[in-house]
Amino acid sequence: MRLPDGPSVALPEELSYLREGDVVRVVPYAGEFNVLYRRASPHNSMLLTERCNSFCVMCSQPPKEANDGFLADVWLQAIPLMAPETRELGLSGGEPALLGDRFIELLRACKSHLPSTALHVLSNGRLFNYLSLAKQVANVACADLMIGIPLYSDLPAGHDFVVQARGAFEQTLRGIMNLKRCGVKVELRVVLHKETIDRLPRLARFISRNLAFVDHVALMGLELMGFARGNLEALWVDPADYQAQLRAAVEELVRGRLQVSIYNHPLCVLDRSLWAYARKSISDWKNEYLPSCVACTEREQCGGLFASATLRRSAHIAPIFRGASG
């Protein structure tokens with residue numbers, strides 16, 4: 001690797017996957033080397049802050065009260081180095097909207113240097129309760145921007161419990177409506193676990209009747225990282241055991257003419273009627289398949305498992321053989 005205006009540096013074998021056009025951050029005095037962007041990857045994402053105003057029981061990236069404002073500076077330097085043909089870029093946290101004006105500055109940088117890149121922001125939506133912030137985002141006028149916002153129940157108490165924040169349900173709904181009022185695309189995201197699965201069909205009905213203007217609904221399998229590990233026994237449900245609720249929710253959303261996807265589920269645990277909605281959603285750097293998957297005839301269409309599934313995974317994972325009934 002050649003450093004800008006500097007000598008070539010030999011990289012260790014574990015970094016041999018790096019290619020020309022990738023972006024890395026080197027901090028010699030701290031001994032840090034971070035890979036920020038891989039040109040050939042479809043799964044690039046920018047962690048903008050580790051601070052958050054929610055405390056979700058299954059959060060895979062537990063919030064930290066750290067002074068991490070430098071992260072915005074890092075990304076503002078990195079964005080101009082990314083390839084303009086980058087198809088999609090994620091912006092995540094923590095809660096990105098906590099950055100306020102710096103969040104808007106980052107969106108402007110993306111619009112300037114990556115004008116055709118689809119931007120997908122992961123937010124809890126609560127700060128868009130303030131119409132002024134929603135207007136600021138809309139005024140950046142990114143060509144392709146979507147805000148992904150979680151909604152965990154049709155009941156305020158149910159949603160507030162999952163995110164561990166009283167009043168979050170109302171703030172989130174107002175945030176969703178403010179964003180749509182300003183013309184910003186919104187995706188609703190529902191993580192499936194013990195606290196969300198029983199009322200999932202009722203949540204789907206609530207969405208189809210009250211939030212039918214959203215642009216996409218993602219029903220997502222649980223990633224066993226962060227708080228999900230500590231709360232494993234309280235949250236874990238074998239996906240094979242919630243197929244009836246998942247099918248009912250998908251059918252309700254489809255009847256409401258909403259775009260719906262199922263993320264983070266291998267095909268072998270899904271009812272076949274749901275395969276058309278399953279997406280290969282797990283980022284490549286944490287996506288794995290089991291040795292038994294080699295024999296599966298649906299391997300290429302299957303999204304596989306999180307690497308964290310070594311901790312707990314469905315008891316029903318098995319190779320599929322095309323033509324077999326199921």
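Our subject is the structure that appears above.
Residues numbered from 1 in each chain as written. Predicted model: local features only at pLDDT ≥ 70, side-chain atom pairs only at ≥ 80, totals over all residues. Heavy atoms only, no water.

### Remarks on unusual backbone geometry
Reasoning step 1: Following glycine 93, the chain continues to glycine 94 via a peptide bond in cis, the omega torsion being 15°.
Reasoning step 2: Within the secondary structure, glycine 94 sits in the loop between strand 4 (88-92) and helix 2 (101-113).
Reasoning step 3: Even without a glycine there, the phi angle at glutamine 164 is positive, about 55°.
Reasoning step 4: Along the polypeptide, glutamine 164 turns up in the loop between helix 4 (156-163) and helix 5 (168-181). (Helix = DSSP H or I, 4+ residues; strand = E, 2+ residues; numbered from the N terminus.)

### Brief notes about helix 3 (residues 131-140)
Reasoning step 1: Of all the positions in helix 3, only Leu133, Ala134, Val137 and Val140 are classed as buried. All buried residues of helix 3 fall inside an arc of 120° around its axis, so they share one side.
Reasoning step 2: Each element contacted by the buried residues of helix 3 is listed here: helix 2, strand 6 (145-150) and helix 5.
Reasoning step 3: Looking at the residues trailing helix 3, positive phi occurs at alanine 141, about 60°. (Buried < 20%, exposed > 50% of the residue type's maximum accessible area, 1.4 Å probe, protein only. Arc of directions from axis to C-beta. Contact = heavy atoms within 4.5 Å.)

### Side note on the sheet that holds strand 7 (residues 185-191)
Note: strands within a sheet are paired through backbone hydrogen bonds, in either parallel or antiparallel orientation.
Reasoning step 1: Sheet architecture is open: seven strands sit in the order 3-4-5-6-7-8-9, paired in parallel fashion. Two strands bound the open sheet, and with one partner strand each, they are strand 3 (45-47) and strand 9 (260-263). Going across the sheet, the axis of each strand differs from the next one's by a mean of 20°, ignoring polarity.
Reasoning step 2: As defined by bridge partners, strand 6 adjoins strand 7 across five bridges and the pair is classed as parallel. Bridge pairing links proline 150 to arginine 189 in strand 7. (Pairing = 2+ DSSP bridges. Axes fitted to C-alpha atoms, helices over the stretch in contact; angles between N-to-C directions.)

### A short note on empty space enclosed by the protein
Reasoning step 1: As enumerated under the stated definition, the model contains three cavities of 30 Å³ or more in all.
Reasoning step 2: By volume, the largest cavity amounts to about 230 Å³.
Reasoning step 3: Along the wall of the largest cavity there are 24 residues; nearest its centre are Leu222, Trp236, Pro239, Asn264 and Pro266.
Reasoning step 4: Grouping the constituent residues of the lining of the largest cavity by class yields 15 nonpolar, seven polar and two charged.
Reasoning step 5: Here the second largest cavity is characterised by a volume of approximately 120 Å³.
Reasoning step 6: Considering only residue class, the lining of the second largest cavity consists of 12 nonpolar, two polar and two charged. (1 Å grid on protein atoms, 1.4 Å probe; cavity = no way out; pocket = protein on both sides within 12 Å on 5 of 7 lines; lining within 4 Å. Points joined across faces, edges and corners; volume = space filled by probe spheres on them. Nonpolar A, V, L, I, M, F, W, Y, C, P; charged D, E, K, R; others polar.)

### Things to note about the packing of helix 7 (residues 200-210) against helix 10 (residues 243-255)
Reasoning step 1: Where helix 7 meets helix 10, the closest approach of the two axes is 8 Å, and the angle between their N-to-C directions is 10°. The orientation of helix 7 relative to helix 10 falls into the category roughly parallel. Taking contact as the criterion, the partners of Leu200, Pro201, Ala204, Arg205, Ile207 and Ser208 in helix 7 are, on helix 10, Gln245, Leu246, Ala248, Ala249, Glu252 and Leu253.
Reasoning step 2: Partitioning the contact of helix 7 with helix 10 into residue classes produces eight nonpolar, two polar and two charged. (Parallel < 35°, antiparallel > 145°, perpendicular 65-115°, else oblique.)

### So, the side chain of histidine 265
Reasoning step 1: Assignment of secondary structure puts histidine 265 in the loop between strand 9 and strand 10 (287-288).
Reasoning step 2: A relative accessible area of 4% means that histidine 265 is categorised as buried.
Reasoning step 3: There is a polar contact of 2.6 Å between the side chain of histidine 265 and the side chain of tyrosine 242.
Reasoning step 4: Within polar-contact distance, the side chain of histidine 265 engages the backbone oxygen of tyrosine 263 at 2.7 Å.
Reasoning step 5: When sequence neighbours within four positions are dropped, the list of residues in contact with histidine 265 reads Leu192, Leu219, Met220, Gly221, Pro239, Tyr242, Leu270 and Gly304. (Polar contact = N/O pair within 3.5 Å; in protein donor to acceptor, adjacent residues only side chain to side chain.)

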